[in-house]
Amino acid sequence: MKITIRDVGKDYGPVHALDAVDLDVASGELLALLGPSGSGKTTLLRAIAGLEPIDRGRIAFGDLDATALSVQERRAGFVFQHYALFKHMSVLDNVTFGLRMRPRAQRPAREAIRRRGLELLSLVQLGGLEARYPNQLSGGQRQRVALARALAIEPRVLLLDEPFGALDAKVRKELRGWLKALHRELGYTTVFVTHDQDEALELADRVVVMNGGRIEQVDTPDAIVQRPASDFVADFIDARDAARGPEPLRVASSL
């Protein structure tokens, strides 16, 4: 499902959170929205989902003009940074919540809903944990439940807001590889927001660098690093390299 964004604007008083944003996301692409705090990346993601109404412009999913559609009508799977799981529901009930809340005429049979939930839990490597509750899971497991819930509705597109931001470094790295493999398997058009430049450059097919509500550059990870399109992008990537510190001095051992 291709996503088309044309001249999208969102204002908060005098502040242009999104300013004439144009973007095409190819069908099946894994796209990262990257930028500093306040750059507009999360606002853009929420606008695609329908969680943030836009003031100007157009958003389409394939041939469907989604601009005026509700969150439910857009059928976008959304994964929040802090999971947003229902603490009083089992893992299985969390995963199947969206299906169970559909209007009666569109709701699958109870057994079909259960079967779909169990299939998804197996897909995200949580088979056998369907009866547990969120507080009985690790952070990484809770994030997988949130992803399974987003997939349960068979979304047109998959949207992730800082999906690994609440996890420690080791778990983040493990889940990054897992998510990339899962994306290759499922092929959903996926947009994710991150403040972690390594994460964006490692995971994404293309990276969108944002600043002040505008897009500075859309390109492959290699091109972003090697051919920055503006001083801002160059400085942003340089800051990433500087944060790593200098390469350690290697002294060749004598034979």
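Relevant structure appears above.
Calculation rules
Along every chain, residues carry numbers that run from 1 in the direction the sequence is written. This being a predicted model, a pLDDT of at least 70 is required before a residue's local features are given, and a value of 80 or more before pairs of side-chain atoms are given or counted; all residues contribute to the totals for chains, interfaces and linings. Hydrogens are left out, water is left out, and the side-chain values use all remaining heavy atoms of the structure. By the criteria applied, helices consist of DSSP H or I runs no shorter than four residues and strands consist of E runs no shorter than two, each listed in order from the N terminus. The quantity called the radius of gyration is restricted to C-alpha atoms. Its globule counterpart is 2.2 Å times the number of residues to the power 0.38. Using a 1.4 Å probe on the protein chains alone, a residue whose accessible area is under 20% of its type maximum counts as buried, one over 50% counts as exposed, and one in between counts as partly exposed. Throughout, a residue-residue contact means that at least one pair of heavy atoms, one from each residue, lies within 4.5 Å. Accessible surface area values rest on a Shrake-Rupley calculation with a 1.4 Å probe, where residue burial reflects the displayed protein chains alone. As used throughout, the charge tally considers Lys and Arg to be positive and Asp and Glu to be negative, leaving His and the chain termini uncounted. Think of each charge as sitting on NZ of Lys, CZ of Arg, CG of Asp or CD of Glu. We place a 1 Å grid over just the protein atoms. Points where a 1.4 Å probe fits but has no way out form a cavity, open points with protein on both sides within 12 Å along at least 5 of 7 lines form a pocket, and any residue with an atom within 4 Å of a point lines it. Grid points are joined across faces, edges and corners, and a volume is the space filled by probe spheres set on the points. A pair of strands counts as paired when DSSP detects no fewer than two bridges linking them. Side-chain classes are defined by residue name, with Ala, Val, Leu, Ile, Met, Phe, Trp, Tyr, Cys and Pro counting as nonpolar, Asp, Glu, Lys and Arg as charged, and the others, Gly among them, as polar. Remark: nonpolar core denotes a set of buried residues (Ala, Val, Leu, Ile, Met, Phe, Trp, Tyr, Cys) joined through side-chain atoms within 4.5 Å. Axis definition: a line fitted to C-alpha atoms, over the contacting stretch in the case of helices. Angles run 0 to 180 degrees between N-to-C directions.

What follows is about the overall build of the protein. Looking only at helices and strands, the protein has ten helices and ten strands in total. In terms of overall dimensions, the protein is globule-like: its C-alpha atoms have a radius of gyration of 20 Å, near the 18 Å expected for 255 residues. Considering only C-alpha atoms, the protein reaches an extent of 65 × 60 × 30 Å along its principal axes. Sorting the 255 residues of the protein into buried and exposed places 45% on the buried side. A separation of at least 24 residues holds for 66% of the contacts in the protein among residues at least 6 apart in sequence. Total accessible area computed for the protein in this model is approximately 12,900 Å², and 50% of it derives from carbon and sulfur atoms. Each charge class in the protein was averaged separately, 35 positive and 34 negative side chains, and the resulting centres sit 8 Å apart.

Quick look at empty space enclosed by the protein now. Applying the stated criterion to the full structure yields two cavities of 30 Å³ or more. By volume, the largest cavity amounts to about 70 Å³. Lining of the largest cavity is provided by Leu-30, Leu-147, Leu-151, Leu-158, Leu-179, Leu-182, His-183, Leu-186, Gly-187, Tyr-188 and Thr-190. Counting residues per element, the ones that place at least two in the lining of the largest cavity are helix 6 (139-152) and helix 7 (169-186).

With that out of the way, let us pick up the environment of Gly-128. Within the secondary structure, Gly-128 is located in the loop between helix 5 (110-123) and helix 6. The exposure class of Gly-128 is exposed, given its relative accessible area of 61%. In sequence terms Gly-128 and Gly-9 are 119 residues apart; their C-alpha atoms lie 45 Å from each other.

Attention now goes to the pairing of strand 7 (residues 157-161). Burial analysis of strand 7 places five of its five residues in the buried class, which makes it a mostly covered element. Side-chain alternation along strand 7 places Val-157, Leu-159 and Asp-161 on one buried face and Leu-158 and Leu-160 on a second face that is also buried. Note that strand 6 (residues 76-79) and strand 7 share four bridges and pair parallel. Among the inter-strand pairings, Ala-76 is bridged to a residue of strand 7, identified as Val-157. Strand direction decides the pairing type here: strand 7 and strand 8 (residues 190-194), joined by four bridges, are parallel. What sits directly across from Asp-161, in strand 8, is Val-193.

Approximately 680 Å³ is the volume attributed to the largest pocket. For the lining of the largest pocket, the secondary-structure elements that each account for two or more residues are helix 2 (71-74), strand 6, helix 4 (97-100) and helix 6. Taken as a whole, the second largest pocket spans an internal volume of roughly 170 Å³. Lining of the second largest pocket is provided by Ser-90, Leu-92, Asp-93, Thr-96, Arg-100, Arg-107, Pro-108, Ala-109, Arg-110, Ile-113 and Arg-114. Of all the secondary structure elements, the ones that give two or more residues to the lining of the second largest pocket are helix 3 (91-95) and helix 5. When residues of the lining of the second largest pocket are assigned to their parent elements, the largest contribution, three residues, is made by helix 5. Split into classes, the residues belonging to the lining of the second largest pocket amount to four nonpolar, two polar and five charged.

Next up on the list: the nonpolar core. Counting residues in hydrophobic clusters, the biggest one holds 43 residues, and the most contacted among them are Leu-147 and Val-207. Of all the elements, helix 6 adds the most residues to this core, at seven residues. For Val-207, the contacting residues outside a window of four places in its chain are Ala-32, Leu-34, Ala-200, Leu-201, Gln-217, Val-218, Asp-219, Pro-221 and Ile-224.

For the rest of this paragraph, the subject is unusual backbone geometry. Despite not being glycine, Ala-20 has its phi angle at roughly 55 degrees, a positive value. By secondary structure assignment, the location of Ala-20 is in strand 2 (residues 15-25). The class of Ala-20 is partly exposed, set by a relative accessible area of 35%. One non-glycine residue, Gln-125, adopts positive backbone phi at about 65 degrees. Looking at the element boundaries, Gln-125 is found in the loop between helix 5 and helix 6. Since its relative accessible area comes to 52%, Gln-125 is described here as exposed.

Taken together, the four strands give an open sheet; going across it, the order is 2-1-4-5, and neighbouring strands pair in antiparallel fashion. Edge positions in the sheet fall to strand 2 and strand 5 (64-65), since each of these pairs with one other strand and no more. As defined by bridge partners, strand 4 (residues 56-61) adjoins strand 5 across two bridges and the pair is classed as antiparallel. Note that in strand 5 the partner of Phe-61 across the bridge is Leu-64. The strands that helix 1 (residues 41-49) touches are strand 1 (3-12), strand 2 and strand 4; relative to strand 2, the one it contacts most, it runs at about 60 degrees.

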